[in-house]
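Commentary on secondary and tertiary structure
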Amino acid sequence: MNRILWEPTKESIESSEMMKFIHFINSKESTSLSSYEELYNWSISYADKFWGHFSDFSEIIYQQPHSEIVDDIKKMPGAIWFKDAQLNFAENLLRYRDSKNAIITIDENNDPKYISYKKLYIHVGKLANTLKNLGIQKNDRIVAFMPNIAETVIAMLATSSIGAIWSSCSPDFGVDGVLDRFKQIKPKLLFFANGYQYNGKTIDCKDKVISILGQLPSIEQTIMVNHYGDESISLNGNNLSWDEIMDNPDTNEINFESLPFNHPLYIMYSSGTTGKPKSIVHSAGGTLIQHLKELRLHTNIKREDTVFYFTTCGWMMWNWLVSSLSLGATIVLYDGNPCYPEPDSLLKMADDLDFTVFGTSAKYITILNASGVKPKSISSFNKLKSILSTGSTLSGENFDYIYSNFK
């Protein structure tokens, strides 16, 4: 592939977060780096300095500073990064508490719902205090069987704010797929929605939830989100509703738990294509600094951006998308079929909500191509700073399609 699909202008390069970081490195190290390639090579030669400077540049909120960037960079695995540092992942994602939109949730009905950064903090505070009152503690595993909605983000932030560990599956997973994952980690509490939307239909989750709970004896408490379907599901044991938690007038303030840099944050899983899914633990500090690097340097996300990724809560790109909150951007969560009611529905939504970053998969690009959709003829895609595709390899045909139809 020798055709250049896109290249930035000199002005956009100079104003980019990548170039700001290059200048930052030059000022700290008395270097004269001037390009991405030079920064890349320098970061390999001086990896410890790279991560130390990026931590300062990205203004990560630490409750206690590190005493050493890395103890032995040649130790892999086993190197200890940011020794003695204490932080809280949720505190970094909730650093903004103003009236700017934090989350836009939208579904196939094309009816967006908005939550400001101020409201997001309040909702997380209510839920975090509820979790504490229920006896949830640091290192407890909390799981979610939830669609891609704001409540899922709030539940994750409340979980991480108190030092508990988060894991999630989307409701389109089969019962066996959920159990193959959650049984490994012995979760204490389950968040679930009573339904979700797909292809113009409401999918009731009642039978799945009852079956999952019947085979997960470690679950002591459930919290239900009334998203679609019946208002309640009759369950044995302790079950709270999301609405009653949010209606509680008790304090909304969050006491962010101070945690080591390598404290577990997420448990994610391998695909399960070669046997049962394997658990993969991601640390709070490692996830935060890596996501900030990708979001700020490689995707150039800033406060004024509206960031979208078509994903479910069972894919790691959901976790990546949510970290955009740490930069004060607006994230868009979509619940539904990206091609309903028409193949171009998601593109029209991107136009209506002024996406500046549009993330999807190679499969979606293939569907658009096969459907004859011409994005630039229906949407003002010049608003987009980035079109991202992850999850599978783009074919040459995909590249040709993007080149001809997106710009």
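Further up the page is the structure itself.
Reading the values: rules and limits
Residues numbered from 1 in each chain as written. Predicted model: local features only at pLDDT ≥ 70, side-chain atom pairs only at ≥ 80, totals over all residues. Heavy atoms only, no water. Pairing = 2+ DSSP bridges. Helix = DSSP H or I, 4+ residues; strand = E, 2+ residues; numbered from the N terminus. Phe/Tyr/Trp six-rings, centres within 6.5 Å; stacked < 30°, edge-to-face > 60°. Buried < 20%, exposed > 50% of the residue type's maximum accessible area, 1.4 Å probe, protein only. Lys NZ or Arg CZ within 6 Å of the ring centre and 35° of its normal. Core = buried A, V, L, I, M, F, W, Y, C linked by side-chain atoms within 4.5 Å. Contact = heavy atoms within 4.5 Å. Axes fitted to C-alpha atoms, helices over the stretch in contact; angles between N-to-C directions.

**Re the sheet that holds strand 14 (residues 259–260)**
With respect to topology, three strands assemble into an open sheet ordered 1-4-14, the strand pairing being antiparallel. Edge positions in the sheet fall to strand 1 (62–64) and strand 14, since each of these pairs with one other strand and no more. Sheet topology places strand 4 (residues 86–87) next to strand 14; two bridges connect them, and they run antiparallel. Following the sheet pairing, Leu87 is matched in strand 14 by Leu259.

**So, the packing of aromatic side chains**
Overall, the coordinates contain 23 aromatic pairs when judged by the stated rule. Aromatic side chains Phe21 and Phe50 sit 5.6 Å apart centroid to centroid with 85° between the ring planes, which places their arrangement in the edge-to-face category. Of the two residues, Phe21 sits in helix 2 (residues 17–29) while Phe50 sits in helix 4 (residues 47–57), which places them 29 residues apart along the sequence. Across the pair, Phe50 and Phe21 agree in class, each one buried. Ring centres of Phe310 and Tyr334 lie 6.3 Å apart, and the angle between their planes is 50°; this geometry places the pair in the tilted category. With Phe310 in the loop between strand 17 (306–309) and helix 12 (316–322) and Tyr334 in strand 18 (residues 330–335), this pair connects stretches of sequence that are 24 residues apart. Members of the aromatic cluster, joined through ring pairs, are Phe21, Phe24, Phe50, Trp51, Phe54 and Phe57. If you follow Arg296 out to its NZ or CZ, it ends over the ring of Phe57, 4.2 Å from the centre. Here the basic side chain of Arg303 rests over the ring of Tyr117, its NZ or CZ set 5.4 Å away from the ring centre.

**Describing the nonpolar core**
Residues Ile103, Leu120, Leu127, Leu157, Phe191 and Leu325 are the most contacted members of the largest nonpolar core, which totals 81 residues. The contact partners of Leu120, leaving out residues within four places of it in the chain, are Leu94, Ala102, Ile103, Ile115, Ile154, Leu157 and Leu325.

**Comments concerning the sheet that holds strand 6 (residues 113–116)**
Within the open sheet, the six strands sit side by side as 6-5-18-17-19-20. Their pairing is mixed. Sheet topology places strand 6 and strand 20 (386–389) at the edges, where each strand pairs with a single neighbour. Between one strand axis and the next, the sheet turns through 15° on average, direction left out of account. Sheet topology note: the strand 5 (residues 101–107)/strand 18 ladder contains five bridges and is parallel. Within strand 18, the position partnered with Ile104 by the bridge is Val332.

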